[in-house]
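Single-letter residue listing:
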Number of protein chains: 2
Amino acid sequence: MTSSLDPTLQTIGKNLRRIRVASGRSQEGLALDAAIDRTYVSQIERGIANPSILVLKKIASCLDANVSDLVVGT
Amino acid sequence: MTSSLDPTLQTIGKNLRRIRVASGRSQEGLALDAAIDRTYVSQIERGIANPSILVLKKIASCLDANVSDLVVGT
DNA sequence: ATGTGACTTGGAGTCCGTG
DNA sequence: ACACGGACTCCAAGTCACA
């Protein structure tokens, strides 16, 4: 509930983008590996989506990171 | 997808229960504070629910913990 | 005070496109 | 390669009765 513009989601989005770019990967490539939609990765990075832990876990795994790395600062 | 009996969800459930019991609180009391249903807390602790980060964040806040504490071991 | 199955519904997540 | 939107599908979210 109250999904849009939530500071927690914003922070996670920034964390994801930072880690993804640092690994030199595109949203599309990551989405393909994680078996999720490319537009959904975009939504998460922009902080307008409220993903489940399973989705977050899949993304973290494909980035050789863990979920804790994605939620730092929340 | 593949929600039931997922090892990630099981671990999070165990983490939650450990932290909650350590703070001497009941599922009901926690659910009341976090403004979520008592049975939903039960489902998360049993690892059969796949909660969103916003739900996880609310629970962590009420336990004076952060989301990272709930996802350790995943 | 907690586990559990069944239920409804809003939103998570997908798929098509565009600039 | 990414932001953004519309129109979907399907599961997370939230509730209930009962054990």
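Residues numbered from 1 in each chain as written. Chains lettered and ligands numbered in written order. Predicted model: local features only at pLDDT ≥ 70, side-chain atom pairs only at ≥ 80, totals over all residues. Heavy atoms only, no water.

Naming follows an unreviewed UniProt entry, where chain A appears as Helix-turn-helix domain-containing protein of Duganella aquatilis.

Caption draft 1: Highlighting the relation of the copies chain A and chain B. Least-squares fitting of chain A to chain B yields an RMSD of 0.1 Å, with the transformation described by 0.1 Å of translation along the axis and a rotation of 179°. One copy is carried onto the other by what is essentially a two-fold rotation axis. Scanning chain A for the C-alpha nearest the rotation axis identifies Ser52 of chain A, at a separation of 2.0 Å. Most of the interface of chain A is mirrored in chain B, where 100% of its interface residues again form contacts. (Least-squares fit on C-alpha atoms with pLDDT ≥ 70 in both. Contact = heavy atoms within 4.5 Å.)

Caption draft 2: Broad picture of the UniProt feature "domain: HTH cro/C1-type" (unreviewed entry) in chain A. Per the UniProt entry, the sites bearing "domain: HTH cro/C1-type" (unreviewed entry) are residues 16–70 of chain A in this numbering. Structurally, residues 16–70 of chain A comprises 67% helix and 0% strand, and the distance from its first C-alpha atom to its last is 6 Å. (UniProt positions renumbered as here; feature names shortened; annotations may be inferred. Helix = DSSP H or I, 4+ residues; strand = E, 2+ residues; numbered from the N terminus.)

Caption draft 3: Quick peek at the environment of Ser26 of chain A. All names here are of chain A. Examined against the element boundaries, Ser26 turns out to sit in the loop between helix 1 (7–22) and helix 2 (27–34). Looking at Ser26, the relative accessible area reads 39%, which means it is partly exposed. Spatially, the C-alpha atoms of Ser26 and Glu45 are 12 Å apart, while their sequence positions differ by 19 residues. Within the structure, the side chain of Ser26 is placed 2.9 Å from the backbone nitrogen of Gly29, a separation counted as a polar contact. (Buried < 20%, exposed > 50% of the residue type's maximum accessible area, 1.4 Å probe, protein only. Polar contact = N/O pair within 3.5 Å; in protein donor to acceptor, adjacent residues only side chain to side chain.)

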